[in-house]
Amino acid sequence: MAENNIYKPIKYKVDKIVEETSNIKTFFISSEKDFEFDTGQFVEVTLDGIGEAPYTPSSSPYIKNKMELTIMNAGYVTGKMHQLKGGETIGIRGPFGKGYPIKKFYGTEILILGGGVGLAPLRCLILTLLEEEDKFKKINICFGAKTPADFIYKDWFSELEKHKKVRLLRSVDVPDKDWDGTVGVVTVLLDEIKANYQEINSIVCGPPIMMKFGAKKLLELGVNEKNIYLSMETNMSCGLGKCGHCDMDGLYVCKDGPVFTFDEVKHTTEMKEFFRLFKDK
Ligand SMILES: Cc1cc2nc3c(=O)[nH]c(=O)nc-3n(C[C@H](O)[C@H](O)[C@H](O)COP(=O)(O)OP(=O)(O)OC[C@H]3O[C@@H](n4cnc5c(N)ncnc54)[C@H](O)[C@@H]3O)c2cc1C
Ligand code: FES
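Residues numbered from 1 in each chain as written. Chains lettered and ligands numbered in written order. Predicted model: local features only at pLDDT ≥ 70, side-chain atom pairs only at ≥ 80, totals over all residues. Heavy atoms only, no water.

S.K.: Help me out: how do you make sense of the side chain of threonine 39 in this one?
M.R.: Secondary-structure assignment places threonine 39 in the loop between strand S2 (24–30) and strand S3 (42–47). There is a polar contact of 3.2 Å between the side chain of threonine 39 and the backbone nitrogen of leucine 125. Filtering out sequence-adjacent residues up to four positions away, threonine 39 remains in contact with Pro61, Gly99, Tyr100, Ile102, Pro121, Cys124, Leu125 and Thr128. (Helix = DSSP H or I, 4+ residues; strand = E, 2+ residues; numbered from the N terminus. Polar contact = N/O pair within 3.5 Å; in protein donor to acceptor, adjacent residues only side chain to side chain. Contact = heavy atoms within 4.5 Å.)

S.K.: Sorry, what's going on with helix H3 (residues 119–131) here?
M.R.: Helical periodicity: at 3.6 residues per turn, an α-helix aligns residues three or four positions apart in one direction. For H3, spanning 13 residues, the distance from its first C-alpha to its last is 18 Å, which sits close to the expected 18 Å at 1.5 Å a residue. Counting buried positions along H3 yields 11 of 13 residues, so the element is predominantly enclosed. (Expected span 1.5 Å × (residues − 1). Buried < 20%, exposed > 50% of the residue type's maximum accessible area, 1.4 Å probe, protein only.)

S.K.: Teacher, can you tell me more about the sheet that holds strand S5 (residues 66–72) here?
M.R.: Across a sheet, strands are paired by hydrogen bonds formed along the backbone, either parallel or antiparallel in direction. The strand order across the open sheet built from six strands is S4-S3-S6-S1-S2-S5, with neighbouring strands paired in antiparallel fashion. Two strands bound the open sheet, and with one partner strand each, they are strand S4 (51–55) and S5. Averaged over all pairs of adjacent strands, the angle between their axes in this sheet comes to 40°, without regard to strand direction. Alignment of S3 against S4, held across five bridges, turns out to be antiparallel. Within the sheet, the bridge partner assigned to glutamate 44 lies in S4 and is proline 54. The strands that helix H1 (residues 76–83) touches are S2, S3, S4 and S5; relative to S4, the one it contacts most, it runs at about 90°. (Pairing = 2+ DSSP bridges. Axes fitted to C-alpha atoms, helices over the stretch in contact; angles between N-to-C directions.)

S.K.: Please explain the packing of helix H6 (residues 208–220) against helix H9 (residues 269–276) as it appears in this structure.
M.R.: How two helices sit against one another is set out by the angle between their axes and by the gap between those axes. Close contact between H6 and H9 brings their axes to 11 Å; oriented N to C, the two are set at 60°. Regarding the angle of H6 to H9, the classification is oblique. By crossing handedness, the relation of H6 to H9 is classed as right-handed. Facing Pro208, Ile209, Lys212, Phe213, Lys216 and Leu219 of H6, the residues of H9 in contact are Glu270, Met271, Phe274 and Phe275. Among the residues forming the contact of H6 with H9, the class breakdown is seven nonpolar, no polar and three charged. (Parallel < 35°, antiparallel > 145°, perpendicular 65-115°, else oblique. Left-handed = near helix turned anticlockwise from the far one by under 90°. Nonpolar A, V, L, I, M, F, W, Y, C, P; charged D, E, K, R; others polar.)

Right, here's the structure in full:
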């Protein structure tokens, strides 16, 4: 996918669009040229005359001629993306940033905590891990959603459960009459896991508030701050470490991230303010 001019989007066709929930859709994009990206990296997607926004591919980096992007309708550009019907052309630049250090996870137990549209980058990560499933002791996956209808990738869960190293747990804030699983915010699932938290590598992705409560709970359970990986989201522009739009107290999310360990981001104003709330409790 890389081209000489990193500022210039390359045109791709949207083959198909699948509605995941009332405000999240998956866009299937194909190309004769290979898409090259590492799990956790992001791309900038341009709609001509509308604007550009960053997304993390939700498909496997092992599949080179296709890419999937799962996008929540959050505002202007994403709203226009949601109006596409399929067959249109979009521009893509990238990939940018640093992804997950997969090789560091070899030989360890993994815990993945995700909520909402945060399951998009996590799907890419999980598909990558499953390519080398035998290299990991265990892959614990905790997914949360507001209601059962708000889960994306509903058809994928039964596939995941077939993998012998995978343990999948799901929770919802508000159940419907058919839900017989856990009820509560996604972090309640961590009490069910019974992992060796001192050695585990954990990956958290979801709405900012979920990531903070997720990190807090993992720290309380004894997970090393260098073993908690967070995928940070900020407003972006260039995606290249040039414009400063994504500055997070000295860290550029587009270039130094978007994947950071808790240890790397704990000094940021956002994290410090959140943890100050609990300091004396
Ligand atoms: C590295 C990275 C990967 C991402 N991957 C995905 C993905 O796979 N799927 C997905 O649905 N979304 C993803 N996002 C978030 C997505 O980029 C934003 O939702 C999008 O840029 C909003 O654009 P908009 O024009 O629709 O919203 P706007 O009209 O610009 O804004 C709507 C609201 O969203 C806020 N906002 C704008 N940009 C962001 C942002 N980047 N993060 C948080 N809040 C923002 C605004 O402040 C405003 O309150 C990712 C963001 C980053 C930085
Ligand atoms: S988006 Fe321009 S420096 Fe990060």
